[in-house]
Amino acid sequence: MSQDGACKLNGYPSENGGAMNTRPLLNRRLDGLGTTIFAEMSALATATGAINLGQGFPDTDGPESVREAAVRALRDGRGNQYPPGPGVPELRQAIADHQHRFYGLSLDPDTEVLVTAGATEAIAATMLALLEPGDEVIAFEPFYDSYAACVAMAGAKRVPLTLRAPSFRPDLDELRSKITPRTRLLLLNTPHNPTGMVLTPDEQSTIAALAVEHDLLVATDEVYEHLVFDGAAHVPIASLPGMRERTVSISSAGKTFSFTGWKVGWTTASPELTSAVRSAKQYLTYVSSGPFQYAVAEALRLPEAYYDGLRADLQAKRDLLSEGLEEAGFGVYRPRGTYFVTTDIRPLGADDGFAFCRSLPERAGVVAIPNAVFYDHREAGAPFVRFAFCKRTDVLEEAVSRLKRLG
Ligand SMILES: *Cc1c(COP(=O)(O)O)cnc(C)c1O
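Quick notes on the rules
Residues numbered from 1 in each chain as written. Predicted model: local features only at pLDDT ≥ 70, side-chain atom pairs only at ≥ 80, totals over all residues. Heavy atoms only, no water. Helix = DSSP H or I, 4+ residues; strand = E, 2+ residues; numbered from the N terminus. Buried < 20%, exposed > 50% of the residue type's maximum accessible area, 1.4 Å probe, protein only. Core = buried A, V, L, I, M, F, W, Y, C linked by side-chain atoms within 4.5 Å. Contact = heavy atoms within 4.5 Å. Salt bridge = Lys/Arg side-chain N within 4 Å of Asp/Glu carboxyl O. Pairing = 2+ DSSP bridges. Axes fitted to C-alpha atoms, helices over the stretch in contact; angles between N-to-C directions. Polar contact = N/O pair within 3.5 Å; in protein donor to acceptor, adjacent residues only side chain to side chain.

Once that is clear, we can look at the environment of Ser 275. Structurally, the position occupied by Ser 275 is in helix 10 (residues 271–281). For Ser 275, a relative accessible area of 33% translates into the label partly exposed.

Below you can see the structure in the form of structure tokens.
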């Protein structure tokens, strides 16, 4: 780089009078997406010693047998060097078998399964592969924060379909009205973070019919597929008529097996879509998480009892935290899935979730996330605050007893 270039990056005046220095370093596509709220709130939790119910990660690790499988892979020298680009064959087969076991979907592990660095990379690669600048992407708002960034990095435009309290169900007439000739892709998320909404079979059918009618692609983030409560079942939209050839299904081991640090995710899709997503993915990370891929292959084969136990445990924790928050005076939207409960702070006499969350560690020793960060229309999310319940029972009990002092 020229001396001039080095000066610019360091923010010092350059010899030509510094005219170039006024250009912001972060490109305009990512404007406003500077730092995630999770970094700010987790730092606040550390600084104040507050209980962190902000970021969605479990405070206990997943099954010992799965952890041991990772150790074995490391020791046996499996995955310590670059694994194959699409993922190790054992894991791709296990993902295909999982889709068949739970959903009756038959996939070719060689052409229809792609292993990624978590669902996060799967989302990024899918957007970068399938979108052209100017394409429109319709996504439920509030949205998981990486959606906005990835759609922006692809140069596409996000079109929010706002989910409204109290049910946070999508208005499907509104969805229809938002489809234009520029619409390329529907970005779904069920079970939905942060609201805990789970699409019903009827809603999925209507969405599928719209996708077929308008020839749209669908990307569906199903990382909470095994965390659906109250006896309801997760149905992948890819299993509906006409959807298989237009859908990229995205999931991950992080939430299902309580190893969020391993970053093993995957896509399942037709050979054509898989090949497109792989083209983008290979220039992002190329490969990742070698030994963990073998461990996740074993995890996916855990018996029914594991999945049932995980769901029952999280459902009990949902109930514990939801009831505690109600007693503490919050309006509570009890989720039908995921790690999270969304609350309304207006019954507590507050209406600005940002201010509420910034003062909560001081006032009650608990960290939560303002849902407004997940909205383009921040005012629509202002009174909502999200708490994570993927924590130990004693931690949740302590958090509840602290929050009750707010009233
Ligand atoms: C946690 C989460 C992800 C990220 O999954 P990783 O496998 O950790 O990359 C993606 N989507 C949603 C909705 C999530 O909550």
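This part takes up the nonpolar core. Ranked by size, the top nonpolar core spans 126 residues in total, and within it Phe 330, Phe 387 and Leu 403 carry the most contacts. Per-element tally for this core: the top contributor is helix 5 (residues 118–130), with 7 residues. The contact partners of Leu 403, leaving out residues within four places of it in the chain, are Leu 325, Ala 328, Phe 330, Leu 360, Ala 364, Val 366 and Phe 387.

Moving on, we get to the pattern of salt bridges. This model, assessed by the stated rule, comprises 27 salt bridges. In this structure, Arg 318 and Asp 230 form a salt bridge, with 2.8 Å as the shortest nitrogen-oxygen distance. Here Arg 318, found in helix 12 (residues 304–327), pairs with Asp 230, found in the loop between strand 6 (217–221) and strand 7 (247–252); they are 88 residues apart in sequence, far enough to count as distant. Each member of the salt-bridge network shares a partner with another, and the members are Asp 230, Arg 318, Asp 319, Glu 323 and Arg 334.

Bringing the sheet that holds strand 13 (residues 384–388) into the picture now. Read from one edge of the open sheet, 4 strands run 9-10-13-12, paired in antiparallel fashion. Every other strand in the sheet has two partners, leaving strand 9 (331–333) and strand 12 (369–370) as the edge strands with one partner each. Bridge analysis of strand 12 against strand 13 gives 2 bridges, and the strand direction is antiparallel. Paired with Ile 369 across the strands is Arg 386, a residue of strand 13. Relative to strand 10 (residues 340–344), helix 12 is tilted by about 15°, and along the sheet it contacts strand 9, strand 10 and strand 13.

What follows is about the environment of Thr 120. Tracing the backbone through its elements, the reader meets Thr 120 in helix 5. Of the residues examined, Thr 120 reaches a relative accessible area of 30% and is grouped as partly exposed. The spatial distance from the C-alpha of Thr 120 to the C-alpha of Lys 263 is 8.5 Å, given a sequence separation of 143 residues. Contacts of Thr 120, omitting those with residues within four sequence positions, involve Tyr 144 and Lys 263. Within the structure, the side chain of Thr 120 is placed 3.2 Å from the side chain of Lys 263, a separation counted as a polar contact.

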